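Overview (structure and organization)
Each chain, written out:
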Amino acid sequence: FPSALAESAAANTANVANRGYFGRNALSGRPAIWQAVIAFLGQHPKYLFMGTSVVNPMEWINPVPGLSYEVEHAHNILLQVLLESGIPGLLLVLLFVGIIGVRAFRLLRRPDLPNWIRGIPVIVFSVWIGEMVECVYRFERYILPLCALLFLLMGMVGAAGKRSGKTQEKERLENNR
């Protein structure tokens, strides 16, 4: 090779960008993507009931006026699910998140467990919050090891956050009265 790629002229033209955490463009165009998804769903309400498809759903969004660039996903997991699966799919996801959320808060309040187990919900919550602006763990990326780790952690939260046997027995006795 006459020269390495890092030494070529093309390597010297790269721009490093930093959107920062605060300021005018902290979300780097995400609100425009969200507005395009909402506008599309508003113009085509039938997709609220059945969704577009899990196969390239953004092909419907990229031509929407107001979005000057093409995007691969909605950069918000709830909007992505709504776009792909409609309201029924979104309700199922919210039900799952609700169950795990309740069990996570229950797990956080259990002093009888080691701190490392009680800390697992913090990881799950931080990923969920990140998904509101990124959508990295979206369902078409199921091959990513991190997605498997997230669902493993949610399974641990779901199992460890169940009501204790004493609480279930107490409720069962109260219901039989």
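Reference entry: report on the structure contained in this document. For every chain, the first residue of the written sequence is number 1, and numbering continues from 1 along that sequence. Given that the model is predicted, a residue must reach a pLDDT of at least 70 before its local features are reported, and side-chain atom pairs must reach 80 or more before they are shown or counted; all residues, however, enter totals for whole chains, interfaces and linings. Hydrogens and water molecules were not included; the side-chain quantities draw on all heavy atoms of the structure.

1. Quick notes on the packing of aromatic side chains
For Phe, Tyr and Trp, where Trp contributes only its six-membered ring, two rings pair if their centres lie within 6.5 Å, and the inter-plane angle classes them as stacked under 30 degrees, edge-to-face over 60, or tilted in between. Applying the stated criterion to the full structure yields 4 aromatic pairs. Here the aromatic rings of Phe 40 and Tyr 47 are separated by 5.5 Å at their centres, their planes lie at 20°, and the arrangement is stacked. For every residue, the accessible area (1.4 Å probe, protein chains only) is compared with the maximum for its type, and the residue is labelled buried under 20%, exposed over 50%, or partly exposed between those bounds. Phe 40 gets classed as buried once you look at its relative accessible area, which sits at 2%. We classify Tyr 47 as buried; its relative accessible area is 9%. With a centroid separation of 6.3 Å and 20° between ring planes, the pair formed by Phe 96 and Phe 151 is classed as stacked. Taken together, the residues span a long stretch of sequence, with Phe 96 in helix H3 (residues 77-108) and Phe 151 in helix H6 (residues 145-160) at a distance of 55 residues. For Phe 96, a relative accessible area of 37% gives the class partly exposed. A run of H or I in DSSP counts as a helix once it spans at least four residues, and a run of E counts as a strand once it spans at least two, with each numbered from the N terminus.

2. Considering the pattern of salt bridges
By definition, a salt bridge exists where a carboxyl oxygen of Asp or Glu is found within 4 Å of a side-chain nitrogen of Lys or Arg. What the rule picks out here adds up to 1 salt bridge. For Asp 112, the salt bridge goes to Arg 110, with nearest N and O atoms at 2.9 Å.

3. Considerations on a nonpolar patch on the surface
Patch membership is restricted to residues that have no salt bridge and whose relative accessible area is over 30%. Joining uses 9 Å for like charges and 5 Å for the nonpolar side chains Val, Leu, Ile, Met, Phe, Trp and Tyr. Shrake-Rupley sampling with a 1.4 Å probe provides the accessible areas, and residues are treated as covered by the protein chains on show and by no other component. Together, Phe 49, Met 50, Ile 87, Leu 91 and Leu 94 make up an exposed nonpolar region whose accessible area comes to about 520 Å². Of all the secondary structure elements, the ones that give two or more residues to the nonpolar patch are helix H2 (46-50) and H3. For Leu 94, the position within the fold is in helix H3. Judged by relative accessible area, Leu 94 falls into the partly exposed class, the value being 38%.

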